[in-house]
Every structure is written in structure tokens, then in C-alpha cells.
Amino acid sequence: MANRIALIDYGAGNLRSVHNALMAAGATAIDVTAEAGAVRDADRIVLPGVGAFAACMNGLSALPGMVDALHEAAIDRARPFLGICVGMQLMAERGEEHGTHAGLGWMAGTVRPLASDDPRLKIPHMGWNDVTPQGAPPLIEPGEAYFLHGYHVALADPADAYAMTDHGGPVTAAIGRDTMIGVQFHPEKSQGYGLSFLRRFLDWRP
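Reading the values: rules and limits
Residues numbered from 1 in each chain as written. Predicted model: local features only at pLDDT ≥ 70, side-chain atom pairs only at ≥ 80, totals over all residues. Heavy atoms only, no water. Pairing = 2+ DSSP bridges. Helix = DSSP H or I, 4+ residues; strand = E, 2+ residues; numbered from the N terminus. Phe/Tyr/Trp six-rings, centres within 6.5 Å; stacked < 30°, edge-to-face > 60°. Buried < 20%, exposed > 50% of the residue type's maximum accessible area, 1.4 Å probe, protein only. Core = buried A, V, L, I, M, F, W, Y, C linked by side-chain atoms within 4.5 Å. Contact = heavy atoms within 4.5 Å.

Peer 1: Explain the sheet that holds strand S5 (residues 92-95) to me, please; I cannot follow it from the model alone.
Peer 2: Strand order across the open sheet formed by four strands is S6-S5-S7-S10, with mixed pairing between neighbours. Looking at the sheet topology across the chains shown, the edges are occupied by strand S6 (101-102) and strand S10 (151-155). Bridging between S5 and S6 involves two bridges; their strand directions are antiparallel. Looking at the pairing, Gly95 lines up with His101 of S6.

Shown next as C-alpha cells:
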């Protein structure tokens, strides 16, 4: 299990639920933090996120040194990183919610609105849906997870998709590369499937 987990508090995440789910999955040292130094010192980083892409990115950028600390920890020092929902979307180059806004730029792709020609299909995508792994990705197993989102990551390279789901067509459910992974679903709301995923993240030695 990880020794020190930085759960980033930037005013845009379901922190209590994510914290409780990590504890239920076996975590013992979770630092809910808005401090860049705590992220640099962490063994693993979790970036949750709910709300609009731009508001989340602005909140993250408003924390002194946080974006640089995330890059140093996740990219330069290869600490395992997990982005959840909008936290996953922020890994992309840009988002198109209420204009075009830059993301962290770790994954080549754009966050775009969900769309469907079927008027019976509800957007946002809310509820349980299948998670179908692509190839043999780390951490992701087939199953059902809970989704709540109106935007999705359109990747430039399909190989960066770790899993897909379906909502009026294929929708990216998980992305990743090297020591980072992002999931569009909410592990903290996905009951047994979500807890199993978090346990694998805590045990991950990429």
C-alpha cells in the first residue's frame, strides 16, 4: 500500500467521499491538501473533480505552485497519479466547455461535449454503465461503474484509451500512460467495482 497519498483540495472535488473510499480501500495516510509541497512529497496523487472544466482548471491554477508540483511529481518523478472525472479531463490538452481552455496537457486530446442524435438519450450521462478495457491496461477490469458527466475526452491517440463505455456511441471511460491514469467514472460511487479499482491503484507499482 502507499505510504503518503496527496488528495488535492482545490475547491472542485467530492473530497469527503473520495477520502472515505480510499480509506475503505486500505489507505492509511491521506493528506487532503492545497499545498504544493505536500504534493511533491507524496508517494501517490489523487486529483478529483466535479463541475466545469475551466472552473476546475482555474481553481487548480490558483493554488500557489500546484500545477508545477503536479507536473514534477507525476511526470518528472513518476509518482502514480489518479485523476477522477473532471480530474481526468484536466489531464488533456484543452477543454471546450464554455469556450476553449488549456488543461494540464499531459495527454493529447480535447474535452468535448457529449452529443447524440437520439432524443431519448439523456445528457449528462448519469448512472451505471459498462467499463470495457482496451487491450491490457493497468488497473482497469471489465465491470460496471457509476458515471456523471456531460463532456468526454476525445483522445488524439486511441492507444491512450484504457477503457471505453457507451452512451449514444463510444465514450472514453479511462485514459493513461506510464504512471498516470484517469477515469471518467466515479470510483467512490461505484461500490465494489470502485473499491477494487482503488485497491489496485494503492498497490500499483508501475
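Anyway, onward from the coordinates.
Peer 1: Could you clarify how one ought to interpret the packing of aromatic side chains in this entry?
Peer 2: Each aromatic ring pair is summarised here by two numbers: the centre-to-centre distance and the angle between the ring planes. Enumeration according to the criterion identifies six aromatic pairs in this entry. On the numbers, 6.0 Å between centres and 75 degrees between planes, the contact of Phe147 with Phe185 is edge-to-face. You can see Phe147 sitting in strand S9 (residues 143-149) and its partner Phe185 sitting in the loop between strand S13 (180-183) and helix H6 (191-203), a full 38 residues away along the chain. Here Phe147 and Phe185 have matching classes, each one buried.

Peer 1: Would you mind going over the nonpolar core with me for this structure?
Peer 2: Across soluble globular proteins, you tend to see nonpolar side chains buried next to one another. Grouped together as the largest cluster of nonpolar side chains are 67 residues, with contacts concentrated most on Leu90 and Ile140. If we skip the residues at most four places from it in the chain, Ile140 touches Val131, Pro133, Tyr162, Ala163, Ala174, Ile181, Val183, Tyr193 and Phe197.

Peer 1: Would you take a moment to explain unusual backbone geometry for this structure?
Peer 2: In most cases, non-glycine residues show a negative phi, while peptide bonds are predominantly trans. Of note, the bond from Ile123 into Pro124 is cis; its omega dihedral lies within 30 degrees of zero at 10 degrees. Tracing the chain through its elements places Pro124 in the loop between strand S7 (107-113) and strand S8 (125-133). For Leu139, which is not glycine, the phi dihedral falls at a positive 75 degrees. Secondary-structure assignment places Leu139 in the loop between S8 and S9. Even without being a glycine, Gln191 presents a positive backbone phi close to 50 degrees. Note on Gln191: relative accessible area 59%, which makes it exposed.

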